[in-house]
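# Chains, contacts and geometry: an overview
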Amino acid sequence: PGPGAEELVRRKAELLVLSRQLLERERGLAAFRSELHAFETSYRKALGARYARLDELAERLDETALGDGHHPGEPDEDDDGPADRYPGQGLPGGQNWAWGEREPDKEPERRVVVDEDAKRLFRQLARIIHPDLAGDAQERERRTNLMVAANDAYEQGDVAALERLLEDWHASPEAVTGSGAAAELERTLRRIAQVEASMRRIDEELAELEASAMGWLRRRVEKAAREGWDLLAHMVRELDRQIGEAQLELDRRAAGRDEALSWRTG
């Protein structure tokens with residue numbers, strides 16, 4: 001009994017409330033991820049093949065270009081690529097919803113030279129967070145995850161990451177030794193700080209997902225639905241129109257070449 005014990009009871013109650021709030025946030029984040037993934041799947045199904053077809057036609061038109069001051073198929077420094085020529089179909093912000101673009105070739109991985117600071121920090125971490133020092137299964141799992149992160153940082157020679165891991169450990173509840181109300185209060189306070197940090201990270205991730213290109217488009221589609229029209233269907237029609245125009249132009253050029261060839265051979 002005493003002020004320390006009373007504060008411990010109060011803080012444990014606060015931790016319980018925060019832990020429930022964290023669980024709700026985690027469920028909310030998982031639900032949002034699932035909904036955004038489902039929307040992205042629908043978007044790809046409706047528009048992906050069309051963007052790929054439009055890019056294909058644009059490339060074929062480039063290859064058949066005549067009288068523009070450069071050889072057919074030769075890129076022009078001022079010319080946009082096929083994907084750049086077809087942004088978000090008049091949508092605000094100029095978002096580019098092109099599909100099927102290839103990722104740039106990755107550079108060969110270079111061997112990382114681990115310096116003495118990284119070695120020193122890794123050894124220091126390994127001594128204090130090794131899973132064999134755990135008192136129960138939950139703590140062993142946490143220590144194992146920390147060791148994995150430490151190994152990854154060490155292999156990359158990332159001194160800053162190793163320093164952050166060391167700082168996080170020293171600020172963690174597991175770093176508090178001893179028993180009694182004072183020690184348990186300190187552990188509880190640190191757990192509260194961890195839960196609050198986790199909630200902040202979830203809020204930041206939600207904000208990033210909502211601000212992403214797909215999150216932005218999803219909001220636009222939902223707003224259009226509330227106003228009584230289908231934005232994705234509108235984008236499909238616009239793409240089909242552009243595909244039709246590009247195909248007609250390609251056919252016109254092919255007919256022109258055939259006519260010129262017939263005139264020369266005639």
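Before going into details, it helps to say that this report is about the structure given with it. Owing to the predicted nature of the structure, the values given are computational and were not obtained by experimental measurement. (Residues numbered from 1 in each chain as written. Predicted model: local features only at pLDDT ≥ 70, side-chain atom pairs only at ≥ 80, totals over all residues. Heavy atoms only, no water.)

Time to look at the pattern of salt bridges. Scanning the model with the defined rule gives 24 salt bridges in all. Close ionic contact of arginine 10 with glutamate 7 constitutes a salt bridge, the shortest N to O distance being 3.0 Å. Note that arginine 10 and glutamate 7 are positioned in helix H1 (residues 3-63) at a spacing of 3 residues, about one turn of the helix. Exposure remark for glutamate 7: the relative accessible area of 23% places this residue in the partly exposed category. Close ionic contact of glutamate 222 with arginine 218 constitutes a salt bridge, the shortest N to O distance being 3.4 Å. With glutamate 222 and arginine 218 both in helix H7 (residues 213-226), this residue pair falls 4 residues apart, about one helical turn. By relative accessible area, glutamate 222 is classed as partly exposed at 34%. Classification of arginine 218 by relative accessible area gives buried; the value is 15%. (Salt bridge = Lys/Arg side-chain N within 4 Å of Asp/Glu carboxyl O. Helix = DSSP H or I, 4+ residues; strand = E, 2+ residues; numbered from the N terminus. Buried < 20%, exposed > 50% of the residue type's maximum accessible area, 1.4 Å probe, protein only.)

Time to look at the packing of helix H3 (residues 116-129) against helix H4 (residues 137-155). Put simply, H3 and H4 touch, their axes get as near as 10 Å, and they point 170° apart. When the interaxial angle is binned, H3 and H4 end up roughly antiparallel. Packed against H3, whose contacting residues are Ala118, Lys119, Phe122, Leu125, Ala126, Ile128 and Ile129, the element H4 presents Arg143, Leu146, Met147, Ala150, Asn151 and Tyr154 at the interface. For the contact of H3 with H4, the class distribution of residues is 10 nonpolar, 1 polar and 2 charged. (Axes fitted to C-alpha atoms, helices over the stretch in contact; angles between N-to-C directions. Parallel < 35°, antiparallel > 145°, perpendicular 65-115°, else oblique. Contact = heavy atoms within 4.5 Å. Nonpolar A, V, L, I, M, F, W, Y, C, P; charged D, E, K, R; others polar.)

Another point: the packing of helix H6 (residues 181-211) against H7. A pair of packed helices is characterised by two quantities: the angle between their axes and the separation of those axes. Where H6 meets H7, the axes come as close as 4 Å, and the angle between the chain directions of the two elements is 65°. With respect to H7, the element H6 is oriented roughly perpendicular. From H6, Leu209, Glu210 and Ala211 reach across to H7, where they touch Ala213, Gly215, Trp216 and Arg219.

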